[in-house]
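Understanding the architecture of this molecule
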Amino acid sequence: MAKKINGPQMVLANRLDDGRAVFLTRSGSWSPDTALAAYGEDAALDALLAEAAKSAGENLVVDPEAIGAILKNGVAHPAHIKHIMQAKGPSVRADLGYQAGFDWETK
Amino acid sequence: MYAYDTYDRTMVDIRVAEFRDQVERRVKGELSEEEFRPIRLMNGLYLQLHAYMLRVAVPYGTMSGDQMRKLAHIARKYDKGYGHFTTRQNIQFNWPKLSETPDILAELANVEMHAIQTSGNCIRNVTSDQFAGATADEVADPRPYAELLRQWSSFHPEFSFLPRKFKFAITGAATDRAAVKWHDIGLIVKKNEKGEIGFEVLVGGGMGRTPVIGKTIREFLPEKDFLSYMEAILRVYNEQGRRDNKYKARIKILVEAMGADEYARQTEAEWEKIKNTSIDVPAEEVARIKAFFIPPPLEVLPSQVQSVDDFAKKNFLFSAWLKNNTNAHKVSGHVNVTISLKPHGGIPGDATAEQMDLVAALADEYSQSEIRVSHEQNLILPHVALNDLPTIWADLDEAGLGTANVGLLTDMIVCPGLDYCALANARSIPIAQAITRRFDDMKRLQDIGPLKVKMSGCINSCGHHHAGHIGILGVDRKGEEMYQILLGGSGAEDASKAGILGPGFDEHGIVDALEKVVAVYLGERLEGEEFLSTYRRIGAQVFKEAVYDAA
């Protein structure tokens, strides 16, 4: 059973075609950009998860899950190292674009 | 090398067509993820943190130049221009698109490769000694038996849904370079007093969260009984292995629970029932498979070449490479070249498409078009004439493949860790990069001598940390990466399980801790004594004091 998470959460999934980690946005779409991510608690989170399940049913994304978030200036960021990695890409092979985004010191 | 027959080719082609249809149905929504997941896994396709990952089998670590060129092509066309060689002698592509994976598999099929049974609870790629068929210290080439296992286990209906994944390793040499004691079944090819070929059979080895060294259940299994005995072992496991808890489902748990003697007894009882049925292949078929592995006709040459010795005297890095990255071949005047995929500051096991192309070209020119992958995540050119070494080294060095560190501290086994892997708790690669940068001085590395450092980013142990002389294990401490250090493991014939030294460190502290361990060894070692022997002689305490007291 998944651990209970307290506080605000965001919804993370993998895109069906390329597997890219994406967040459910405030407009109901999916984006790798955490700045656009929706977040919530309790009933608001349940609504986000219902929307995510609908997307999964429409084969846009795979395995949506609620993850713990930290709010900074009204923007949600993933709390756990694993989800930080998913948001930013691998911390290695900085020559390959998306993989270059990780800055360990400011995680 | 083994070449597909019509049956092999048809089987793989049918599977590619089937998977193409399944992917199309998934994309259209006709298959749900729950329905599709086991199907993609049966075809080696995982979904990791950032993308799909395709694991391609390199049977017993042997491939041709053409096959390597195809891997380079796939890396370039369908991925980001690189691939990752693994401890299972496979290659993983980190960024394929789902819709393109059938095309990748079709391209692989053209060079007699596939990704079948590289995932799932089935018999996985059989691994072997990377120098098989090319080393003076072996009783017999183990690869014909690995190929027999491959054919027997591919799509084996009884063993396609085992309690958990199942891994074989086989060696034909007294020096164990295949970690056979750490596998579900380990096999050592032997000869009896009559000179007949047979196998010592070990069961119940494995790493993961419960590390166990395999136990011998038969000292000598005659060659003719090979497959029926394997079938008996698997049947006992398949019937009695636990299916209620995936963490207790590997054969090692069953063998530990019932005891190796009882496991042997039940295997023998099962074997009595089936050994005279038609499971074992006829001697002619064994001979047919062996014919694919006949050693190449190498000319016997002088065991020393003056021009090579002269070049080594003038060039320290070449002389280090000669010493560390080559080993004796069974034919005089030849060596096996190990190409280090552990450049200092680089990613262990990774190779770019350009590097793969170069290795393929060198194989065509100098090693009978043969390439091996080692479980230590390096590539091997077998059958190389001594005279060709300076040219090969220069070409490798120019491509970033000339690092002379094979068998030394920086030749680390390292799993992909949290940079890629959905199971990982901590990153492995940046730690390896920091370590190899810290120990960048080749003279220092040579002074430290043979030392196997192995690192995993979680307790699943893909990086073999239990079997490292020095092991490093990444753990999650309240969402932060921490690293434990372990000492005293071995994956070789003197297999042993490493023990945790003490509390973990952050990503900087672990590198310092490793350096302190090495300093203790250098201070304590006797003349000519390697790290593992020193550790076994003096024990953990002195290392513990050095690592923690000064911290």
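Residues numbered from 1 in each chain as written. Chains lettered and ligands numbered in written order. Predicted model: local features only at pLDDT ≥ 70, side-chain atom pairs only at ≥ 80, totals over all residues. Heavy atoms only, no water.

A short note on the overall build of chain B
Of the regular secondary structure elements, chain B holds 18 helices and 20 strands. For chain B, whose C-alpha radius of gyration is 23 Å, the value lies close to the compact-globule estimate of 24 Å for 551 residues. By its C-alpha atoms, chain B is 60 × 60 × 60 Å across when sized along the principal axes. Within chain B, counting contacts between residues at least 6 apart in sequence, those at least 24 apart form 68% of the total. Carbon and sulfur atoms make up 51% of the accessible area of chain B, which totals about 20,300 Å². In chain B, the 64 positive side-chain charges and the 76 negative ones have mean positions that sit 4 Å from each other. (Helix = DSSP H or I, 4+ residues; strand = E, 2+ residues; numbered from the N terminus. Rg over C-alpha atoms; globule rule 2.2 N^0.38 Å. Contact = heavy atoms within 4.5 Å. Areas by Shrake-Rupley, 256 points an atom, 1.4 Å probe, with all protein chains shown as cover. Lys, Arg positive; Asp, Glu negative; His and termini not counted. Charge placed at Lys NZ, Arg CZ, Asp CG, Glu CD.)

A look at unusual backbone geometry
Residues and elements named next belong to chain B. Although it is not a glycine, Q117 adopts a positive phi angle of roughly 60°. With respect to the secondary-structure elements, Q117 resides in the loop between α4 (101-110) and β6 (127-128). Here the phi dihedral of H383 falls at roughly 65°; this positive angle occurs in a residue that is not glycine. Checked against the element boundaries, H383 lands in strand β15 (residues 379-385).

Some words on the pattern of salt bridges
All names here are of chain B. Counted according to the given criterion, the structure contains 46 salt bridges over all chains. Notably, a salt bridge pairs R76 with E354, separated by 3.8 Å at the nearest N-O pair. Here the residue R76 occupies a position in helix α3 (residues 65-78), and E354 occupies one in helix α12 (residues 353-366), the gap between them amounting to 278 residues. One network of salt bridges, in which partners are shared, links E158, E231, R235, E270 and K273. (Salt bridge = Lys/Arg side-chain N within 4 Å of Asp/Glu carboxyl O.)

Considering the sheet that holds strand β2 (residues 52-56) of chain B
Residues and elements named next belong to chain B. Taken in spatial order, the five strands of this open sheet run β1-β2-β5-β4-β13, and their pairing is antiparallel. The open sheet has two edge strands, β1 (45-47) and β13 (350-352), and neither has a second partner. Each adjacent strand pair in this sheet contributes to an overall mean axis angle of 30°, direction not counted. By the bridge criterion, three bridges tie strand β4 (residues 82-85) to β13 in an arrangement that is antiparallel. Looking at the pairing, H84 lines up with D350 of β13. (Pairing = 2+ DSSP bridges. Axes fitted to C-alpha atoms, helices over the stretch in contact; angles between N-to-C directions.)

Structural notes on the side chain of E270 of chain B
Residue and element names in this part refer to chain B. Tracing the chain through its elements places E270 in helix α8 (residues 260-274). Look at E270 and you get buried, because its relative accessible area is 10%. Residues contacting E270, with those up to four places away along its chain left out, are A232, R235 and V236. (Buried < 20%, exposed > 50% of the residue type's maximum accessible area, 1.4 Å probe, protein only.)

Comments concerning the sheet that holds strand β11 (residues 326-328) of chain B
Residues and elements named next belong to chain B. Read across the sheet, five strands follow the order β3-β14-β15-β12-β11 without closing on themselves; strand pairing throughout is antiparallel. Both edges of this open sheet fall to β3 (62-64) and β11, since each of them pairs with a single strand only. Averaged over all neighbouring strand pairs, the angle between strand axes comes to 30°, with direction disregarded. In terms of strand pairing, strand β12 (residues 334-339) meets β15 through five bridges, oriented antiparallel. Among the inter-strand pairings, H334 is bridged to a residue of β15, identified as A385. Packed on one face of the sheet, α12 meets β12, β14 (370-373) and β15 and runs near 25° to β15.

Focus: the pairing of strand β1 (residues 9-15) of chain A
Residue and element names in this part refer to chain A. β1 sits mainly inside the fold: six of its seven residues count as buried. Sheet topology note: the β1/strand β4 (residues 61-72) ladder contains six bridges and is antiparallel. What sits directly across from M10, in β4, is I67. Bridge analysis of β1 against strand β2 (residues 21-24) gives three bridges, and the strand direction is antiparallel. In the strand pairing of β2, N14 is matched with A21. Counting the residues between successive antiparallel strands, the hairpin from β1 to β2 contains five residues, one of them, G19, with a positive phi of roughly 80°.

Some thoughts on the confidence of the model for chain A
Considering every residue of chain A, the mean pLDDT works out to 88; 87% of them sit at 70 or more. Ignoring residues within four places in sequence, the model shows residues 100-107 of chain A, a span with pLDDT below 50, making 19 contacts including any to other chains. (pLDDT = per-residue confidence, 0-100.)

Regarding helix α13 (residues 389-398) of chain B
All names here are of chain B. For α13, every residue scored as buried is listed here: L389, P390, I392, W393 and L396. Down the axis of α13, the buried set is contained in an arc of 160°. They therefore lie on one face. Buried residues belonging to α13 abut α10 (306-314), α11 (316-325), β11, β12, α12 and β15. Count one or two residues on from α13 and you reach G400, which has phi positive near 80°. (Arc of directions from axis to C-beta.)

As for the nonpolar core
F168 and M230 of chain B are the most contacted members of the largest nonpolar core, which totals 148 residues. Look past the residues within four positions of M230 of chain B in its chain and what remains in contact with it is L149, W152, F168, I185, L187, V201 and L221 of chain B. The next biggest cluster of nonpolar side chains, apart from the first, holds eleven residues, and it includes V11, A13, L24 and V61 of chain A. (Core = buried A, V, L, I, M, F, W, Y, C linked by side-chain atoms within 4.5 Å.)

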